[in-house]
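# Breakdown of the fold
Chain by chain, the residues:
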Amino acid sequence: MARCEVCGNDYGMTFEVHAQGAVHVFDCFSCAIHRMAPICEHCRVQIIGQGVEVDGHWYCGAHCARAEGRAGITDKV
Ligand SMILES: [Zn+2]
Ligand SMILES: [Zn+2]
């Protein structure tokens, strides 16, 4: 039994996400996404998929990376 760190739900089916040396506890994926997903620096959408990382900056796709002046970024296929 553990408590979701986002919504505080005390739930028997919580799961842990280990990231960058820390352990996070969530009761559902929507809470995990809320806490863990990076935010696109151009359109502010939460990045659920792979996203594009350029020099420590996160974008939801190549379009947003280019819109922020990151040249030469293409979508991974
Ligand atoms: Zn939760
Ligand atoms: Zn975006």
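Up top is the structure.
About the criteria used
- Residues numbered from 1 in each chain as written.
- Chains lettered and ligands numbered in written order.
- Predicted model: local features only at pLDDT ≥ 70, side-chain atom pairs only at ≥ 80, totals over all residues.
- Heavy atoms only, no water.
- Phe/Tyr/Trp six-rings, centres within 6.5 Å; stacked < 30°, edge-to-face > 60°.
- Helix = DSSP H or I, 4+ residues; strand = E, 2+ residues; numbered from the N terminus.
- Buried < 20%, exposed > 50% of the residue type's maximum accessible area, 1.4 Å probe, protein only.
- Donors = N, O, S within 2.8 Å, 3.2 Å for Na, K, Ca; no water.
- Tetrahedral: all angles 85-135°; square planar, octahedral: opposite > 155°, others 65-115°.

Moving on: the packing of aromatic side chains. Applying the stated rule across the entire model yields two aromatic pairs. Arranged with centres 6.3 Å apart and planes meeting at 50°, the rings of phenylalanine 15 and phenylalanine 26 form a pair that is tilted. Taken together, the residues phenylalanine 15 in strand β3 (residues 15–19) and phenylalanine 26 in strand β4 (residues 22–26) connect sequence positions eleven residues apart. Given the relative accessible area of 23%, phenylalanine 15 is considered partly exposed. Residue phenylalanine 26 is classed as buried on the basis of its relative accessible area, which comes to 0%. A ring pair is formed by phenylalanine 15 and phenylalanine 29, whose centres lie 5.0 Å apart and whose planes are at 40°; its orientation type is tilted. Of this pair, phenylalanine 15 sits in strand β3 while phenylalanine 29 sits in helix α1 (residues 29–36), and the two are 14 residues apart along the sequence. Site record: aromatic cluster; members linked through ring pairs are Phe15, Phe26 and Phe29.

Right, let's get into the coordination of the zinc ion (ligand 2). Geometry sets the ideal angles at a metal, namely 109.5 degrees for four tetrahedral donors and 90 or 180 degrees for six octahedral donors. Taken together, Cys40 (SG), Cys43 (SG), Cys60 (SG) and Cys64 (SG) make up the protein donors of the zinc ion (ligand 2), found 2.3 Å from the metal. Around the zinc ion (ligand 2), the four donor atoms sit at angles spanning 104 to 116°, and that spread fits a shape best called tetrahedral. Between consecutive donor residues of the zinc ion (ligand 2), the sequence gaps follow C-x2-C-x16-C-x3-C. Of this pair, cysteine 43 sits in the loop between α1 and β5 (52–54) while cysteine 64 sits in helix α2 (residues 62–67), and the two are 21 residues apart along the sequence. Given a relative accessible area of 40%, cysteine 43 falls into the partly exposed group. When its relative accessible area of 5% is taken as the criterion, cysteine 64 is described as buried.

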